[in-house]
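The lines below spell out each chain.
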Amino acid sequence: MEACATHGPSASAGGRVFRAALPPFEYLAATSVPEALRLLAKFRGRAVLLAGGTDVLVQMRTGKRVPEAVIDIKRVAALGGGVKVERGGRIAIGALTTLADIEHDAKLRRLVPLLPEAVATMASPQVRNRGTIGGNLCNAAPSADTAPPLLALDALVRLHTRKGVRTMPLAEFFTGPGRTALGTDAVLGAILVPKPPRGLRAAFRKHGVREAMECAVVSVAVAVAKERGTIRHARVVLGAVAPTPLRVPAAEALLVGHPGGPLDLLAAAGEAADAARPITDVRGSSDYRRDVVRTLVRRALEEVAG
Amino acid sequence: MSGHRIVGTKVPKLDAWDKATGAARYGHDVSLPGMLHGKILRSPHPHARIKRIDVRRAEALPGVHCVLTADRVRVGKLGFLGDHPVLKGDKVRCVRDEVAAVAATSEAAAEEACALIRVEYEPLPAVFDPLEAMQPEAPRIHENAPDNLVPHRYEFRHGDAERAIAGSAHVVQGTYRTQFMTHCCLEPCFALAAFDPAGRLTMTSSTQVPYLMQSHLSRALGIHGKDVRVLQPTIGGAFGSKLDTHPYEVLAALLARHSGRPVRILYTREEEFVCAPTRQPMIIRMATGCDREGRLTGRVCEAILDNGAYTSWGATTPHIMLVGISSLYKLEHVSFRATCVYTNNPWSGAFRGYGNPQGTFANEQQMDELARKAGIDPVEFRIRNANDPNSTTPQGFRVTTCALKECLDTAATRVGWREPKRPNEGVGIAGMFHVGGGGRVYKSDACGVIAKLDDFAHLTLLTGATEIGTGSDTAMAMLAAEELGLPLGNVSVINNDTDAAPWDVGIHASRTTFIAGNATLGAVREIRRKLLPWAAKELGCSEDAVELHDGSAWRRDDPARSAPIEKLVRTAHFREQGEMFVGQCFYDPPNQFQDPKMRGNVSATYSFAAHAVRVRVDPETGKVKILKFVAAHDIGKVINRLGLEGQIEGAIAQGIGYALTEQLRIDGGRVGNASFLDYKMLNAADLPEDVEIHFIESADPAGPYGAKGVSEAGLIPTAAAIGNAIRDATGVRLHRLPMSPESVLAAIRAGEQEALDSELEVTGPLTRSGT
C-alpha cells in the first residue's frame, strides 16, 4: 500500500524538480533466506527489501527512500507458506502472505476474524493482491492496519538473522515511525498468532475520511474474554496516534475483573484517550484524534464486552 | 418522447470502448522520433528575488540539449491581464514558479540537469492570506499592483439592497469561506511541441481552447497565428483546468525551438497537485432579507478571492458567481462586490461551476436560514421565490424556460422531505441557476461545424468543439443521426486538429452540447435540404412526403416505398454534373457580452436544478454519511440519457468531495497533501448507493431539440444541500468548506454558531472574526 506518510519535497539547491524517474539502483533477487541475509550484510543498510512493493516503490518514487540496492524476496519460499495452524492451535502466517490471502483465508476468518476484517479495510483490492502482511509490519507506519489486531491477539514475529532464527513479541518489534527491531540485517519470516483465549471477542475500528484507499486517522483493536460475566482478559490497542502502534495496559487493567458495564467501558476509553500521543498533521489534529480514540474504543468495547 | 428514434435514448459514449479497453491514445502515449524530454525547475520559495542562476553544470551533463532561463528567451507574458511571465527572471512569487527549463534525451537526465542548476535567492516577506495582503504594510507581490489588488473589479448594483434589507422582516447574515480545490484530472498535464523546418509549430495538447491557444502561443512566442497548429489527443479530464494556456506549454515550445527537436513535458502526479490551477478560495460575506410573507427583499454580497500570485481565469469567476446570487430567485434589490487579491499562494484558474459553487454555498444556506427565521418550510420558501418562465432578472438575464419549481418539488418529494427522520438524520435541499445556452465571456460564443455525407452514408462532423469527457461528441453525433435518419454508427466526429476543423471558442460554461449541437443541426440540415429532392424524385413524391430514418428515405404515405440514403448519395454523386453533400454552420447564440456594470443576457437560456440529500451525522466523530441523494435538473431536453446521468453523477461525486473532503492543504504557500493519499477525492465506495436523477424537460426553444447545458450544474448546489442537511441533522450550520469530520465535530461541540453570525455587520469592513 502507499506509504502512510506525508511526502517530503525533493528540493535541490536551485529549487524543486518533480522526478518521474526512479533514482538508479541495483536490483537483486534472493532465492533463499541466507542469500537475502548475505545481500543485506553486503549493503550495510543501503539496501531495501522488496516484497509486494506497494510501499517501497512509492517511497522511492517520492524520494523518501533512496536505496543503493533493492533485494527482491518475493521468491524466497521460506518466507511464504501462507496460513498454517500448528499443533496446539498457534497460527503461523508467512511474511509473504498477501493481504488478499489473509482477507479471504477461511482458517483466519474462523479462528481470528479480527485480522481479516481489519485487512479488508486496507487500500484497494488491487493493492491487497500485491501487498504482504510482512511488508505492512516492516514498513512500520504508525497507522499500519495489520498492527493493532495482531497486537490485540498477542502476536509474535519470527526473525531470521545471520545468527539464526529468533522470536519476539510484536509489541517489541516496532521501535518508531518506519523503524523496527529488524535493523538493517534481518528478515521477517513469519507472524505467529497464539491460540486465542476461550470466548475471545474482538473488534476493529478505523476512522478515516474515505471508505477505501484510506490511511487510518485513528484505528482501534480491542479483544475481550469473559468468564461468568467478568472480564478475564482484555486488550486495547491504538493505531495512528503514537510513534508506534500502542497497547494501552492501563485501559486493559480497568476492564479485567469487571463486568464490562457502560461505566467500565467509558473509563477504559478515557484511559485510551489519555494514553494516545497523536500528532497534528494534514489528516487530523491531535485533539481530534484523541477525541476519536475515546469514541472508537468505547464503541468497539460495547460491541465485544457489552 | 416526441417520435425521436435516437435522441433521448441511452447510448454509450462514442469513445467508451476505446477508453474502457485502454485503446484510447492520450497525450502520454504520443511521442515523436528524436523527441526530447522537458523538465521544469521550480522555486523553493513562495516569494524571493532571484540574484543569480548558474546553469553551467546542467549544460555540461550528457544528454542535455537545452537549458532555458528568463534571460535566454524572449517570450510574452500569459494570462488575460498579462501578469504572468513564463520564466521568472527577477523574482518568484509562489512555489510553483518556473525558474528554468531543461530538454534532454531522457527524463532522468532532464531531472538531473535541473538538480544541477544553482540559483541564488534572496527570500522576501510573503503573504498568504488575502485579508492580510490587503493591509497597507503587506509585502507587495507585483510592482504595478501596490495594494495587491488585481486590477479587475466587480461591482453590481440593482435597486437599493442595503435599504431593502434594513426594511426586511427577517434578515440572515453570514461569512462563508471556501477552500483550495484541485481538478484531479486522471491525466496529468502534458505538452508536446514540434517545429517543422519552415518554423511552423505543432502543439499536441489537452487544451480546452485549441483556437484561443493558437493566439496565446502566437503572442507568447512572437510567431504568426497561422504558424501554430494545435492537435488534441484523447483528453483525460480537464474540468476547466485547461481553459488557459499555462507556462509549461509555452516552455515546451521554447525548448523545442531552442533545441531544434520535438520536446514533451509531462507532469508527475505530485507536480500536478502542486502546479495545476486551483479553484479559488473565497471569503463571502452575505446578507439576505425577506418580508413577512417570505418574499425575498434584497441581498448584499461581498467576496474576496485569493487570486494567488498570477492571474488566470480564476480572477473572472465573480461573473458567474454572481449569476446564482442575483438570479436563482426573484430579487428586486441586489448589491455585489468582488475583489481578487494577489497572494503568494498557488494561482487559481477555472473549475467546473466557475465561482457559482462558492456563491451557491453561501446563498442557498442563507435561503435555508431565512426560511427558518420566517417560519416557512425551506422548500415552500424557495418555491415562493423561484423564478418564473419568461422573466428578466436584475442582471438582464432573459429566463425563457424555467422548471425550478418542478425541480424543487421533485427533489423534495423523492428525498422524503416530510418523512420521519431517525436520530442524527437530516434532509437538506438547494437550488441552482447557471448558464445553459452558452456564455458569452469572449466576444464570440460560436462554434463551427462542417458535415459531410459520403457515398456510403457515413457522416463526418468536423468541428473545433473539444471533447473532454463530457460526451459532447456523442450528443452531436446523435443529433446529426436523428436529423438525417442515419444509424448512430454511421456518424463520426473529427475535432482534434485546428488545421482541419472549423473554429470553436472552447469547451466551458456547459456550452458544447447547446452550441455545437445547434451548429451540428445547422450543418446537417443543409445536407438534408440537398438530399430531400433526390429522395423525392426516387420515391415519386413531394419533398414534404419524405421521412428519413433507419438509413433510408421513406414515403410517409406508403411505407413500402423506401430508398437507402447511401444509394441516394451515390445517385447524386456518380453522374455528370453530380452533387456532393456537405453542410456547414457557424452557430453563434443570441446572447450578449456583459457590460462593465455586469448587465447583459450572457446566455441564450438558463439551466435550473435542485439537489436534495438525506444525511446521517455521527455526533461523536463528525462523519457525514449521505443516505440518499436526489438531483432534479431542468435540462430542456434529454439528448443522451446515459451520458447525462454520467455527467450528473460525476458532478455529484465532485460536489460531495467539495462539500466534505477535498482541500489542497496550503500552508505558507506550500501544498501539504500533494498525493491522492492525502487529497481526499472520493472513491466509488464513498458515494451514496441511493442516487436518483430526474430530468425535467422544459423544451427550450433555443436549444438543439430543446436541450440546455448541464455539465457544471450537478456540482453547483451540492455543498449547500449537504450543509443544509447537516444543519437539519445537528442544529449546527457550517460556514466553511470542506465540512470535514473534524470541523463538523468541532461545530457540534461548539454548539450553535448562528449567534456569531448576528454579530457580523453587513456594511462594515470585512474582518477575520467571521465564522
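About the cut-offs
Residues numbered from 1 in each chain as written. Chains lettered and ligands numbered in written order. Predicted model: local features only at pLDDT ≥ 70, side-chain atom pairs only at ≥ 80, totals over all residues. Heavy atoms only, no water. pLDDT = per-residue confidence, 0-100. Contact = heavy atoms within 4.5 Å. Buried area = accessible area lost by both parts, 1.4 Å probe. Salt bridge = Lys/Arg side-chain N within 4 Å of Asp/Glu carboxyl O. Helix = DSSP H or I, 4+ residues; strand = E, 2+ residues; numbered from the N terminus. Buried < 20%, exposed > 50% of the residue type's maximum accessible area, 1.4 Å probe, protein only. Axes fitted to C-alpha atoms, helices over the stretch in contact; angles between N-to-C directions. Parallel < 35°, antiparallel > 145°, perpendicular 65-115°, else oblique. Nonpolar A, V, L, I, M, F, W, Y, C, P; charged D, E, K, R; others polar. Pairing = 2+ DSSP bridges.

Trainee: Where do I start with the confidence of the model for chain A in this structure?
Mentor: Detailed reading of the predicted coordinates is not advisable wherever pLDDT is low. Mean pLDDT over chain A stands at 94; residues scoring 70 or higher make up 96%. This model gives residues 1-11 of chain A a pLDDT under 50, and the stretch forms 42 contacts once residues within four places in sequence are excluded.

Trainee: Explain the interface of chain B and chain A here, please?
Mentor: Quite often, the size of an interface is put as the accessible area lost when its parts meet. Contacts between chain B and chain A engage 43 residues on the former and 35 residues on the latter. Taken as a group, Glu620, Leu677 and Glu742 of chain B account for 18% of the area that chain B buries against chain A, more than any other trio of residues on that side. Taken together, chain B and chain A are joined by ten salt bridges. Salt-bridge contacts for arginine 298 of chain A lead to glutamate 620 of chain B; the nearest nitrogen and oxygen are separated by 2.6 Å.

Trainee: Even after reading the chapter, I still don't get the side chain of glutamate 214 of chain A, so can you show me in this structure?
Mentor: If you trace the backbone, glutamate 214 of chain A turns up in the loop between β13 (201-207) and β14 (218-227). Judged by relative accessible area, which is 5%, glutamate 214 of chain A ranks as buried.

Trainee: What exactly am I supposed to notice about the packing of helix α14 (residues 512-539) of chain B against helix α15 (residues 565-573) of chain B here?
Mentor: Packed helix pairs are specified by the crossing angle of their axes together with the interaxial distance, meaning the distance between the axes. Residue and element names in this part refer to chain B. Two elements in contact, α14 and α15, have axes separated by 10 Å at closest approach and are oriented at 100 degrees. As far as their axial angle goes, α15 and α14 are roughly perpendicular. Note on element contacts: α15 touches α14 through Ile565, Lys567, Leu568, Val569, Thr571 and Ala572, opposite Leu531, Trp534, Ala535 and Glu538. Of the residues that constitute the contact of α14 with α15, the class distribution is seven nonpolar, one polar and two charged.

Trainee: What exactly am I supposed to notice about the sheet that holds strand β4 (residues 47-50) of chain A here?
Mentor: Through backbone hydrogen bonds, the strands of a sheet pair up, either in parallel or in antiparallel fashion. Residues and elements named next belong to chain A. Taken together, the three strands give an open sheet; going across it, the order is β3-β5-β4, and neighbouring strands pair in parallel fashion. Each edge of the sheet is formed by a strand with only one pairing partner; in this case those strands are β3 (26-29) and β4. Recorded for the sheet is a direction-independent mean angle of 25 degrees between the axes of neighbouring strands. Inspection of the sheet shows β3 paired to strand β5 (residues 69-72) by four bridges, in the parallel sense. Paired with alanine 29 across the strands is aspartate 72, a residue of β5.

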